[in-house]
Amino acid sequence: DAGVIQSPRHEVTEMGQEVTLRCKPISGHNSLFWYRQTMMRGLELLIYFNNNVPIDDSGMPEDRFSAKMPNASFSTLKIQPSEPRDSAVYFCASRGPSGEQYFGPGTRLTVT
Amino acid sequence: GEDVEQSLFLSVREGDSSVINCTYTDSSSTYLYWYKQEPGAGLQLLTYIFSNMDMKQDQRLTVLLNKKDKHLSLRIADTQTGDSAIYFCAERSTGANNLFFGTGTRLTVIP
C-alpha cells in the first residue's frame, strides 16, 4: 500500500489567497483525521471523519477553515482567506483496525 | 480531559540505551502508541500496546506499561544516530476514535 498520500508537499501563498490541501487515506480505512503542527502549539487535531461524515470539528480554528470528504478515498482541507498565522505543517492520517493512525508526509504551508 | 505528558529532551551516546517516558491521566486508556517523527517527515507508527499487556518487545524497541501508575516507557537498545528524532506518546480510550498526543520528546544521539 502506498500509505496516506497528501498533496501538495509544499505550498507558499500570499495572505488572502485560498489554499486547498488534499489527502488520500489508506484504502479500507474508515476514519480520517486532519492535524496541524507548529512549534508553538505542537500537534493539534483539527477535524476527523468517520465513514466520510465529520464527527468532531471542534479543533477547526475559525470559519476560514473547512474540510470535506466527498468519498472514502479523498478529503480536502480548505483555508479561505489564508493568513500568515496559518503557516504550519498540515497532516492527514487514517485509522487502522486497532485504532492506530497512519500519517501522511504532511503539507508545509507558508503564508506570506 | 485527557492529558499526556513527556519530557521535552533526551540526549544519549551512540550505543547506549534510550528510555523515553510518558505519563497519562485517563484511566480508561485502552491503547497506547509510540510514534517517531524525523525532520521534515510525518509521524511514523513505531509500536503500540494494549492496556492488558505490561510489556511488548519488537527488535530494539521495548515498551513497558505500568497501568497502576499510568506510566509508559519506550526503550531503544543500542541507540544509533538514525534514532535521532522526536518521539510521541499517544493514548486512546475505549470506544474513542481519536488519539491524544503528548508534546513529544526530542532524542539526540551523540556519536
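Presented here is an overview of the structure given in this document. In this text the structure is predicted, and so the values were computed from the model without any measurement.

Observations concerning the overall build of chain A
Phase 1: In terms of regular secondary structure, chain A is built from 0 helices and 11 strands.
Phase 2: For chain A, the succession of helices and strands along the chain, N to C, is β-β-β-β-β-β-β-β-β-β-β.
Phase 3: For 112 residues, the compact-globule estimate of 2.2 N^0.38 gives 13 Å, and chain A sits close to it at 13 Å.
Phase 4: Summarising its shape, the C-alpha atoms of chain A cover approximately 40 × 25 × 25 Å along the three principal directions.
Phase 5: Buried residues in chain A amount to 47% of all 112 residues.

Some remarks on the state of the cysteines
Residue and element names in this part refer to chain A.
Phase 1: Under the defined criterion, the tally for this structure stands at 2 disulfides over all chains.
Phase 2: With its sulfur 1.8 Å from that of its partner, C23 forms a disulfide with C92. Disulfide C23-C92: the torsion about the S-S bond is -65°, which places it as left-handed. Highlighted residues: C23 in strand 3 (residues 19-24) and C92 in strand 9 (residues 88-95), separated in sequence by 69 residues.

Considerations on the packing of aromatic side chains
Phase 1: A complete count under the given rule lists 12 aromatic pairs over all chains for this structure.
Phase 2: Arranged with centres 5.1 Å apart and planes meeting at 25°, the rings of F33 of chain A and Y48 of chain A form a pair that is stacked. Taken as a pair, F33 of chain A in strand 4 (residues 31-38) and Y48 of chain A in strand 5 (residues 42-50) lie far apart in primary sequence, 15 residues in all. Take F33 of chain A and Y48 of chain A: they sit in the same class, and that class is buried.
Phase 3: Summarising the aromatic geometry, the rings of F91 of chain A and F103 of chain A are spaced 6.1 Å apart at their centres and angled 80° between planes, so their arrangement reads as edge-to-face. Taken as a pair, F91 of chain A in strand 9 and F103 of chain A in strand 10 (residues 101-103) lie far apart in primary sequence, 12 residues in all.
Phase 4: Among the residues examined, F91 of chain A registers a relative accessible area of 1% and is labelled buried.
Phase 5: Between the NZ or CZ atom of K56 of chain B and the centre of the ring of Y48 of chain B, over which it lies, the distance is 4.7 Å.

Analysis parameters
Residues numbered from 1 in each chain as written. Chains lettered and ligands numbered in written order. Predicted model: local features only at pLDDT ≥ 70, side-chain atom pairs only at ≥ 80, totals over all residues. Heavy atoms only, no water. Helix = DSSP H or I, 4+ residues; strand = E, 2+ residues; numbered from the N terminus. Rg over C-alpha atoms; globule rule 2.2 N^0.38 Å. Buried < 20%, exposed > 50% of the residue type's maximum accessible area, 1.4 Å probe, protein only. Disulfide = S-S within 2.5 Å. Phe/Tyr/Trp six-rings, centres within 6.5 Å; stacked < 30°, edge-to-face > 60°. Lys NZ or Arg CZ within 6 Å of the ring centre and 35° of its normal.

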